[in-house]
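# Summary of structural features
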Amino acid sequence: MDKVFGYIDEKFDHFVDELIDLCRIPSVSAQKSGLEDCASTLADHLRTIGLHGEIMPMGGPENPPLVYGRLDVPDAKRTLFIYGHFDVQPPEPLEAWETPPFEPEIRNGRIYGRGPGDNKGQFFAHLKAVEALSKAGEGVPVNLRILLDPQEEIGSPMLEEFVTQHVDLFRADFGYNADGSAAEGNIPMLSFGNRGICHLEVRLRAGSRDTHSGQFGGPMPNAGWRLFDFLKTLRDETGRSKIEGFYENVQPPNEADLAAMAAIPYDQAEWFRELGITREDGPEEWSHFEKIMFQPTLNISGLSSGYNGPGSKTVIPCEASARIDMRLVKNQTPPEILEKFAAHAENNGFGDIEIIPHMRYYPSKTPLDHPMSQTVIAAVRDVFGQDPLIYPVTGGSNPSYIFHELCGIPMVKVPYANFDEANHAPNENLSLDFFRMGIKTSARVIRDLGGI
């Protein structure tokens, strides 16, 4: 690996320039911009480093294409699947950026712009590792299957159908993903799973139009109050969901999970100070990390009713709506929870509420004792120079279940971005040190997995 790491150091400035060029492409899935240009650029790059690179349409011309990469190595005994996404979040609010989001700039050892951390720089590290192994090492010892997603930031709505229709393209022994941020203090970490999500909107009406709150006040039903009454039925005072059967399929943490959670540093006072709070929500019998990793949530993410502009407007609103997301854990599914949510509304006298499903992801979890895990842990420890933290599950959601649960590929994720990367926010950034260590880590992982 000395020659491989030497090649990475020698070519590193060039790698940074390539990443900056990639981040200039405004590939915003929510705004349907730049995705085809970015896909074409990435397919060309895969071919340049010696892989088969192909743009594959998903579900018709109205949807952006994904990028598929493949390498078949003679006598290779293992196949590695790599996932990444090349879409980025909308850059707004533009006035909050110190420099334009799609004109990346290097300041204080970081690339600032939209996309270097989430996720272009992280999956690009895998590609540069393949290049280094091919040019300076003994070659790539495993077959590779690479999927670069154009819609992760909007829930990958076409991905499950596409992958299930093309399972043979993605068959692999292991799956690897670099995404997210290092733990606080820039401690490296490994994640073996993630929560799923069932995101929906509820709407209700109480009349054909808004009405004068004095002239009609008293007998006229208020949509805002009715929505409030419904929301109160969803959870108790401890934060536990009151939806019937909500917890019945929850898989509790095993001994290995409990040990891993206990080893993760947690300073409650600092956490409270950082977030400006004085207490934790949720049942007291659940620990901090159990709430994040092994218990589902029921969250109100948006509310709308009546007049919310400047000044006063005294009306009785005829419409009200709420956005609700429920993070799910292993053995729960979005269809199951959606059905139970609808049944709860009906059983509590709110059968007239309109329920509109939105984004959904299934939960996923790879066992901590999988053979791949020790290989990845050793690589991260060697390159970063410290033991990584082990997260059995992370609280967010991503499409790993498509590959793990549907294709049988055990997935492990290692963030290659600094803790304060500001992903999804203005002034997103990626530490150049993390980018360099990410490339070296991927090279070690790919080399060592060939020996399992």
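A few points on the structure. (Residues numbered from 1 in each chain as written. Predicted model: local features only at pLDDT ≥ 70, side-chain atom pairs only at ≥ 80, totals over all residues. Heavy atoms only, no water.)

### Quick look at the pattern of salt bridges
One pass over the structure, following the stated rule, counts 31 salt bridges. Measuring nitrogen to oxygen at the nearest pair gives 2.7 Å for the salt bridge that ties R273 to E270. Taken together, the residues R273 and E270, both in helix α7 (residues 268–275) and 3 residues apart, mark about one turn of the helix. The partly exposed category is assigned to E270, whose relative accessible area is 27%. Counted as one network, the salt bridges with shared partners bring together D382, R444, R447 and D448. (Salt bridge = Lys/Arg side-chain N within 4 Å of Asp/Glu carboxyl O. Helix = DSSP H or I, 4+ residues; strand = E, 2+ residues; numbered from the N terminus. Buried < 20%, exposed > 50% of the residue type's maximum accessible area, 1.4 Å probe, protein only.)

### Remarks on the environment of T278
Tracing the backbone shows T278 in the loop between α7 and α8 (288–293). Relative accessible area serves as the criterion here: at 73%, T278 is assigned to the exposed category.

### Some words on the packing of helix α1 (residues 2–23) against helix α12 (residues 432–449)
Put simply, α1 and α12 touch, their axes get as near as 10 Å, and they point 130° apart. In terms of orientation, α1 lies oblique with respect to α12. With respect to the hand of their crossing, α1 and α12 are arranged in right-handed fashion. Residue-level contacts link V4, F5, I8, D9, F12, F15, V16 and L19 of α1 to L432, F435, R436, I439, K440, A443 and R444 of α12. (Axes fitted to C-alpha atoms, helices over the stretch in contact; angles between N-to-C directions. Parallel < 35°, antiparallel > 145°, perpendicular 65-115°, else oblique. Left-handed = near helix turned anticlockwise from the far one by under 90°. Contact = heavy atoms within 4.5 Å.)

### Here's the deal with the sheet that holds strand β12 (residues 299–305)
In spatial order, the strands read β12-β14-β10-β15; together these 4 strands make up an open sheet with antiparallel pairing. Edge positions in the sheet fall to β12 and β15 (354–361), since each of these pairs with one other strand and no more. Pairwise comparison of adjacent strand axes, ignoring direction, gives a mean angle of 15° for this sheet. Against the sheet, helix α5 (residues 223–232) engages β10 (196–205), β12 and β14 (319–328), with an angle of about 20° to β14. Contacts from helix α9 (residues 334–347) reach β10, β14 and β15 within the one sheet, and its direction differs from that of β15 by about 160°. (Pairing = 2+ DSSP bridges.)

### Considering the sheet that holds strand β19 (residues 429–431)
In a beta sheet, neighbouring strands are held together by backbone hydrogen bonds and run either parallel or antiparallel to one another. Strands sit in the order β4-β5-β19 across an open sheet of 3 strands; the sheet is antiparallel. The open sheet terminates on both sides in strands that have one partner only, identified here as β4 (105–107) and β19. This sheet shows a mean twist of 25° between the axes of neighbouring strands, independent of strand direction. In terms of strand pairing, strand β5 (residues 110–112) meets β19 through 3 bridges, oriented antiparallel. Residue I111 lies in a different strand from β19, and its bridge partner there is L430.

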